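Residue strings, one per chain:
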Amino acid sequence: MFDKIQQALKSDVKLEILFSKAREYADIYLLAKKRQKGCDGLGEMTNLKDEFIGVLDELIRYCIDKKYVADNFSYDIDLMADEINALIKK
């Protein structure tokens, strides 16, 4: 998925905006997940996860509409966060 998106980022401004937002949420989500201890902050973590899912859904809907990914695309939130975070470091 990310290979096609990386190619499209060069020419698709809206995709760049959506992906930048997803990167920010992925970074926050992964940091919060790493710092969470037991049940402390579970409510905040749930809210962060829900917000991140919303951003990912928006990004994926756009990518499906533009045919960057298949319309039956599904994902694991933790894997997506890791993938997006890995792209930040490249």
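Let us look at the structure shown here. (Residues numbered from 1 in each chain as written. Predicted model: local features only at pLDDT ≥ 70, side-chain atom pairs only at ≥ 80, totals over all residues. Heavy atoms only, no water.)

1. A short note on the overall build of the protein
Convention followed: Strands are runs of DSSP state E lasting at least 2 residues, helices are runs of H or I lasting at least 4, and numbering of each runs from the N terminus. Only C-alpha atoms enter the radius of gyration; for comparison, a globular chain is expected to reach 2.2 Å times N to the power 0.38, where N is the number of residues. Note on exposure labels: buried denotes an accessible area under 20% of the residue type's maximum, exposed denotes more than 50%, and partly exposed covers the range between, all computed with a 1.4 Å probe on protein chains only. By the convention used here, residues are in contact when the closest approach between their heavy atoms is within 4.5 Å. Using the Shrake-Rupley algorithm and a 1.4 Å probe, accessible areas are obtained, with residue cover drawn only from the displayed protein chains. By the counting scheme adopted, Arg and Lys are positive, Glu and Asp are negative, and His together with the chain ends is not counted. Taken as the charge centre is NZ of Lys, CZ of Arg, CG of Asp or CD of Glu, depending on the residue.
Of the regular secondary structure elements, the protein holds four helices and zero strands. Taken from the N to the C terminus, the helices and strands of the protein come in the order α-α-α-α. Against the compact-globule benchmark of 12 Å for 90 residues, the protein has a radius of gyration of 14 Å, which places it among compact chains. C-alpha atoms of the protein, sized along the principal axes, occupy 40 × 25 × 20 Å. For the protein, the residues scored as buried account for 32% of the 90 residues in total. Within the protein, counting contacts between residues at least 6 apart in sequence, those at least 24 apart form 65% of the total. Accessible surface computed for the protein: about 6,000 Å², of which carbon and sulfur atoms make up 50%. Mean positive and mean negative side-chain charge positions of the protein (15 and 17 charges, respectively) differ by 4 Å.

2. Focus on the packing of aromatic side chains
Inclusion rule: Any two of the Phe, Tyr and Trp rings considered here, Trp counted by its six-membered ring, make a pair once their centres fall within 6.5 Å; the pair's planes then place it as stacked at under 30 degrees, edge-to-face at over 60, or tilted in between.
Per the counting criterion, the structure on display carries two aromatic pairs. When the ring of Y29 is compared with that of F52, the centres are 5.4 Å apart and the planes differ by 25°; the resulting orientation is stacked. Taken together, the residues Y29 in helix α2 (residues 13-35) and F52 in helix α3 (residues 42-65) connect sequence positions 23 residues apart. Judged by relative accessible area, Y29 falls into the buried class, the value being 3%. Consider the rings of F73 and Y75, whose centres lie 6.4 Å apart with planes at 25°: the pair is stacked. The class of F73 is partly exposed, set by a relative accessible area of 26%. We classify Y75 as partly exposed; its relative accessible area is 26%.

3. Regarding the nonpolar core
Applicable threshold: Buried residues of nine kinds, namely Ala, Val, Leu, Ile, Met, Phe, Trp, Tyr and Cys, make up a nonpolar core once their side-chain atoms join them within 4.5 Å.
Grouped together as the largest cluster of nonpolar side chains are 27 residues, with contacts concentrated most on L15, F19, Y29, F52, L59, C63 and I84. Looking at this core, the elements with two or more residues in it are α1 (2-9), α2, α3 and α4 (77-89). Of the residues forming this core, the biggest block, nine residues, is contributed by α3. Leave out the neighbours within four places in its chain, and I84 touches F2, F19, A22, R23, A26, F52 and L56.

4. Quick word on unusual backbone geometry
Peptide bonds are, in most cases, trans, and in most cases residues other than glycine have a negative phi. Of note, K67 is a non-glycine position whose phi angle comes to about 65°, a positive value. Note on placement: K67 falls in the loop between α3 and α4.

5. Here we look at the packing of α2 against α3
How two helices sit against one another is set out by the angle between their axes and by the gap between those axes. Condition: Inter-axis angles, ranging from 0 to 180 degrees, are taken between N-to-C directions of lines fitted to C-alpha atoms, where helices are fitted over the stretch in contact. Note that the term roughly parallel is reserved for angles under 35 degrees, roughly antiparallel for angles over 145, roughly perpendicular for angles of 65 to 115, and oblique for everything else. For any helix crossing, the convention is left-handed if the near helix is rotated counterclockwise from the far helix by under a right angle, and right-handed if that rotation is clockwise. Residues are sorted three ways: Asp, Glu, Lys and Arg are charged, Ala, Val, Leu, Ile, Met, Phe, Trp, Tyr, Cys and Pro are nonpolar, and all the rest, Gly among them, are polar.
Two numbers describe how α2 lies on α3: the axes approach to 9 Å, and their chain directions differ by 155°. Our classification of the angle between α2 and α3 gives roughly antiparallel. Helix-helix and strand crossings are classified by hand; for α2 and α3 the assignment is left-handed. Contact with α2, carried on its side by K14, L15, L18, F19, K21, A22, Y25, A26, I28, Y29, A32 and K33, involves M45, L48, K49, E51, F52, V55, E58, L59, Y62 and C63 of α3 and no other residues of that element. Taken together, the residues of the contact of α2 with α3 sort by class into 16 nonpolar, no polar and six charged.

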